[in-house]
Each structure stands twice: as structure tokens, then as C-alpha cells.
Amino acid sequence: MPSDSKPPTGLTVAANIRRIRQHRRMRLEDVASLLAFHGRPIGKATLSLIENGQRRVDVDDLMAFARVLRVTPVDLLVPPAFPEGHTVVAMTGFPKVDRATIGPWIRHEEPLQIADDVPGLIDVTADDWLGHYRVDARQLGIAPASDDFPARENI
């Protein structure tokens, strides 16, 4: 990717934050106040940079924006469906792909239906995709170490 181009998923997140904020009739000040209330203070000027694609959103920002805007993180990551037909999107790490193809995968409903050109990569059939993609303690036979997940708390 040329150094002057911006990552496509980052631009999608920025556009979705603005679109959803405006749809909810929220001002930048409203979002900034709610983000601060929820422990992720981001000022109005920084919010403007984010919405204009001039500042990246990290994973913690993404979760806070989803909370404040009352959407799922996936709603921020994927472009909306457009009424005029198929929505072809560019996402980091993918060629341009139809939203109908990437959506079920990102929502963890279906395996990715894109041919991979990675040498030696094992194709995963629909029968074993859940076992391939969902890896948890039961499948591994070991419990994750608490030190690996410092934000985790037993209740």
C-alpha cells in the first residue's frame, strides 16, 4: 500500500462513526462527553480528525464508539448496505469484495467464501469451519492463563 493511501477499513470506520452520529442527531460534544463518561476520553477536535480519516481508531476506541453510538463493533467495521444493489467494499487484507460475502463471515455466521492465493494455506470446508475458526479452551484442552487477559475478571 502506498504511504499516501489510507487503510480502507479505517476509512470505513471513520465514515460509519460520522454517519451514525449524525443519524442519531448527536453533536461532536455529545459523543466526547459520553466517551469520557465511559472511560475513553476523546476530545471534540480529535473526534473531528477521526471522522475525517486523519486519526486512526484503535480497538479500544472502536469498542467505546460502539457503546456510545449504541451499535455493534461490526456495524462500525463494515459499510452499510446500499439500496441500489450490491455493495462492493475494500477492507484491509482483502481484495474488493461484495458486502454480502464479507458480512456473514465477519458476523461469524459462515466461513469466508473467498479463494485464497496464499501458498500452503489449507482450505476450510463448510463442515469444519466452526471447529477451525472458533478456538477455545475446550478445543485446546487448556484454560487460558489469567495473565494473558488482564482485563478479564471472574464473577
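The notes below deal with the structure included here.

So, how was this worked out
- Residues numbered from 1 in each chain as written.
- Predicted model: local features only at pLDDT ≥ 70, side-chain atom pairs only at ≥ 80, totals over all residues.
- Heavy atoms only, no water.
- Axes fitted to C-alpha atoms, helices over the stretch in contact; angles between N-to-C directions.
- Helix = DSSP H or I, 4+ residues; strand = E, 2+ residues; numbered from the N terminus.
- Parallel < 35°, antiparallel > 145°, perpendicular 65-115°, else oblique.
- Left-handed = near helix turned anticlockwise from the far one by under 90°.
- Contact = heavy atoms within 4.5 Å.
- Nonpolar A, V, L, I, M, F, W, Y, C, P; charged D, E, K, R; others polar.
- Salt bridge = Lys/Arg side-chain N within 4 Å of Asp/Glu carboxyl O.
- Buried < 20%, exposed > 50% of the residue type's maximum accessible area, 1.4 Å probe, protein only.

## Thoughts on the packing of helix H2 (residues 28-37) against helix H4 (residues 59-69)
Right, on to step 1. Two elements in contact, H2 and H4, have axes whose closest approach is 10 Å; the angle formed by their N-to-C orientations is 115 degrees. Put simply, H2 runs roughly perpendicular to H4. Here the hand of the crossing between H2 and H4 comes out right-handed. Along the contact surface, H2 presents Val31, Leu34 and Leu35, while H4 presents Ala64, Phe65, Val68 and Leu69.
Right, on to step 2. Its residues assigned to classes, the contact of H2 with H4 comprises seven nonpolar, no polar and no charged.

## Side note on the pattern of salt bridges
Right, on to step 1. Applying the stated criterion across every chain yields a total of seven salt bridges.
Right, on to step 2. Asp30 is paired through a salt bridge with Arg27; the nearest N and O atoms lie 2.9 Å apart.
Right, on to step 3. Across the salt bridge formed by Glu29 and Lys44, the nearest N and O atoms sit 3.0 Å from each other. Of this pair, Glu29 sits in helix H2 while Lys44 sits in helix H3 (residues 44-51), and the two are 15 residues apart along the sequence.
Right, on to step 4. On the basis of relative accessible area, Glu29 is assigned to the partly exposed category, the value being 31%.

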